[in-house]
Amino acid sequence: MFKVAVLPGDGIGPEVVNEGLKVLNAIAENNTIQFDFDVKDINSERYLRTGKLLTDEDVEDLRKFDTIFLGAIGDDRIPPGVLEKGILLALRFTFDQYINHRPAPLWRPFGRLKRDVEFNIDVFRENTEDFYIGCGGRFKEGAGEMTLDIERELYDLSLDIEASASNTDDYAFEIGIMSRKNIERFAAFVIEQAKMAGERRITVVDKANVLSNIYGLWREVWTEKSKQAGMEVQFMFVDAMSMALVKNPDKFRIIATPNMFGDILTDLLAEVTGGLGLAPGGNINPGGLSMFEPVHGSAPKYKGMNTINPVATILAAKMMLDNLGRRDLGKKVEHAVRLTFDQGIYTQDLGGKAKTNEVGDSVAEAIRGM
Ligand code: IPM
Ligand code: MN
């Protein structure tokens, strides 16, 4: 029995999670796996009602689960950053989910490139550091001091910042931080995944030609780790990488990227594969609690319309099955999605007519028929 914490979240989150659960229930019908789903209201509504984001009680509660299945977090009524940092990033950081795995295979016939190129990319995005670390602030009048504290599973870090500018103005800063140990464990994981996939090369993204401290360390560690492991590394600057992913996605197979560039590149790549409606992600802690979610957000304007594509979330459920050690069942889900598409059942974002629930029904039905 797997205990699954279900966080539908905001906007279209509950709708797509519903379809994901429908598919997981169909998977459980043959009795080779059992789930105990427990739905949590860690979302914007609760925040608006109580002012609570991710609380210590939530964290203690979630520790009792085997995995987390998440819809989307985000709400127009709340200023940007509050829910994102207070819930989503807090979950990733607290549970030390230091890898964000975002597969990006071409989903025929939905690929958005004019040229017909076959590709199957796996992006591994570092998920706890970089410019996402939460180390920033503002100085009014150009002067002042502040202490910034960062807490991670690997370390507690405190930074004292003192500012005094020659001209009075508003100043704002955001510091990116990376640590050797974190890059090492991230690189080790990606190298292992590449080896398991039979790949001999990893494309490693950065902007070491400008942000040479943070990505200097990143490159140094990647160079060492890949050498030890006998893995070839191809370094690419993120600007060239964004171009190359549109021009020649077939030249890439395994991509490793720092957190912020990974955020951007995975949206870009999702579009190339067929759209955000098809892109799942796993926030992975190999020795702890992992969390699975679609790459897309809460899309509030589509809320309750039953039109949004649930496939990204269904594929996130597939990744969850893989992660729970049931790749056999993960394969079934993926195959059922394929069969559904082949029957012409898909939502409007892909040029289809099917409703959200019809896609979920069809995937569940295809699983029952296997
Ligand atoms: C994503 C999202 C998040 C991120 C936001 C909502 C914090 O864009 O999962 O890609 O930037 O990681
Ligand atoms: Mn994003």
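Residues numbered from 1 in each chain as written. Chains lettered and ligands numbered in written order. Predicted model: local features only at pLDDT ≥ 70, side-chain atom pairs only at ≥ 80, totals over all residues.

### Things to note about the nonpolar core
What counts is decided by this rule: For our purposes the nonpolar core covers buried Ala, Val, Leu, Ile, Met, Phe, Trp, Tyr and Cys residues that link as a set through C-beta atoms within 7 Å. We call a residue exposed when 12 or fewer other C-beta atoms sit within 10 Å of its C-beta, buried when the count reaches 20 or more, and partly exposed for counts in between; the C-beta positions come from the backbone. An automatic or database domain assignment is the source of the domain bounds shown.
If you look at the biggest cluster of nonpolar residues, it comprises 97 residues, and the most contacted ones within it are Val-23, Phe-69, Val-190, Ala-317, Val-333, Val-363 and Ile-367. In terms of domain composition, this core takes at least three residues from each of domain 1 (1–100 + 279–370) and domain 2 (112–129 + 178–273).

### Digging into the site of ligand 1
Rule in force here: Near, for a residue, is defined by distance from a backbone-placed C-beta atom to a molecule or strand, with 6 Å as the limit that must not be exceeded. Helix and strand definitions here come from DSSP, where helices need a minimum of 4 consecutive H or I residues and strands a minimum of 2 consecutive E residues; each element is numbered from the N-terminal end. In this classification, the charged set is Asp, Glu, Lys and Arg, the nonpolar set is Ala, Val, Leu, Ile, Met, Phe, Trp, Tyr, Cys and Pro, and all remaining amino acids, among them Gly, are polar.
Near ligand 1 you find Glu-84, Leu-88, Leu-89, Asp-263, Val-295 and Gly-297, and these make up its full shell. Here the shell around ligand 1 takes three residues from helix H4 (residues 82–94), the largest share from any one element. Looking at the shell around ligand 1, its residues break down into three nonpolar, one polar and two charged.

### Structural notes on the domain arrangement of the protein
Put simply, an interface is often sized by how much accessible area is lost when its parts join up. Under the domain assignment used here, the protein contains domain 1 (1–100 + 279–370), domain 2 (112–129 + 178–273) and domain 3 (134–175). For domain 1 and domain 3, the distance between their C-alpha centres works out to 36 Å.

### Topic: unusual backbone geometry
A cis amide bond links Arg-108 with the next residue in sequence, Pro-109, at an omega value of 0°. Tracing the backbone shows Pro-109 in the loop between strand S4 (99–105) and strand S5 (120–126). Phi is positive for Asp-130, which is not a glycine, with a value near 70°. Note on placement: Asp-130 falls in strand S6 (residues 130–139). Given 24 C-beta atoms within a 10 Å radius, Asp-130 is considered buried.

### Observations concerning the environment of Cys-135
Our working definition: Working definition of a contact: two residues with C-beta atoms, positioned from the backbone, lying within 7 Å.
For Cys-135, the location among the structural elements is in strand S6. Contacts of Cys-135, omitting those with residues within four sequence positions, involve Leu-148, Ile-150, Leu-159, Ile-175 and Ile-177.

### Some words on the pairing of S5
Where we set the bar: For two strands to pair, DSSP has to find at least two bridges joining them.
With respect to burial, S5 is a largely interior element, six of its seven residues being buried. Pairing analysis gives seven bridges linking S4 to S5, with the strands arranged antiparallel. Bridge pairing in S5 links His-101 to Phe-124. Bridge analysis of S5 against strand S12 (residues 254–257) gives four bridges, and the strand direction is parallel. Across the sheet, residue Val-123 finds its bridge partner in S12, namely Ile-255.

### Topic: the sheet that holds S5
How we decide: Here an angle of 0 to 180 degrees is reported between the N-to-C directions of two axes, which are lines fitted to C-alpha atoms, with helices fitted over the stretch in contact.
Here 10 strands make up an open sheet; going across it, the order is S2-S1-S3-S14-S13-S4-S5-S12-S10-S11 and the pairing mixed. The strands lining the two open edges of the sheet, one partner per strand, are strand S2 (35–39) and strand S11 (232–237). Going across the sheet, the axis of each strand differs from the next one's by a mean of 25°, ignoring polarity. The pairing of S4 with strand S13 (residues 280–284) spans three bridges and is classified as antiparallel. Following the sheet pairing, His-101 is matched in S13 by Gly-282. Sheet strands touched by helix H6 (residues 214–229): strand S10 (201–206) and S11. Its angle to S10, the strand with the most contacts, is close to 170°. Sitting on the sheet, helix H7 (residues 238–247) is in contact with S10 and S11, with an inclination near 100° to S11.

### Points about the environment of Arg-115
As for its position among the elements, Arg-115 is in the loop between S4 and S5. The exposure class assigned to Arg-115 is exposed, which follows from the 9 C-beta atoms found within 10 Å. Counting along the chain gives 106 residues from Arg-115 to Gly-9, while the straight-line C-alpha distance between them is 37 Å.

### Quick look at the packing of helix H5 (residues 180–196) against H6
Our working definition: For classification, angles of less than 35 degrees are called roughly parallel, those exceeding 145 degrees roughly antiparallel, those between 65 and 115 degrees roughly perpendicular, and all remaining angles oblique. Handedness of a crossing follows from how the near helix is turned relative to the far one, being left-handed for an anticlockwise turn of less than a right angle and right-handed for a clockwise one.
One can describe the packing of H5 onto H6 by two numbers: an axis separation of 9 Å at closest approach and a directional angle of 40°. Considered as vectors, H5 and H6 are oriented oblique to each other. Helix-helix and strand crossings are classified by hand; for H5 and H6 the assignment is right-handed. Taking contact as the criterion, the partners of Arg-180, Ile-183, Glu-184, Ala-187, Ala-188 and Ile-191 in H5 are, on H6, Leu-217, Trp-218, Val-221, Trp-222, Lys-225, Ser-226 and Ala-229.

### As for helix H8 (residues 259–273)
As a reminder of what qualifies: A helix is expected to reach a length of 1.5 Å times the quantity of its residues less one. For this quantity, the arc is that covered by the directions from the helix axis to the C-beta atoms.
For H8, spanning 15 residues, the distance from its first C-alpha to its last is 21 Å, which sits close to the expected 21 Å at 1.5 Å a residue. Turning to H8, its buried residues are Asn-259, Phe-261, Gly-262, Leu-265, Thr-266, Leu-269, Ala-270 and Thr-273. In an axial view of H8, the angular spread of the buried residues amounts to 160°, which keeps them on one side of the axis. The inward-facing, buried residues of H8 abut S4, S5, S6, S10, H7 and S12.

### A look at H7
An α-helix turns once every 3.6 residues. As a result, residues three or four positions apart point the same way. Along H7, the residues that are buried comprise Val-238, Met-241 and Leu-245. In an axial view of H7, the angular spread of the buried residues amounts to 45°, which keeps them on one side of the axis. Exposed residues lying more than 90 degrees from the buried face of H7 are Asp-239, Ala-240 and Met-243. Looking at the packing, one finds that the buried side of H7 touches S10, S11 and H8.

### Notes on the environment of Asp-328
With respect to the secondary-structure elements, Asp-328 resides in helix H10 (residues 327–342). The spatial distance from the C-alpha of Asp-328 to the C-alpha of Phe-189 is 22 Å, given a sequence separation of 139 residues.

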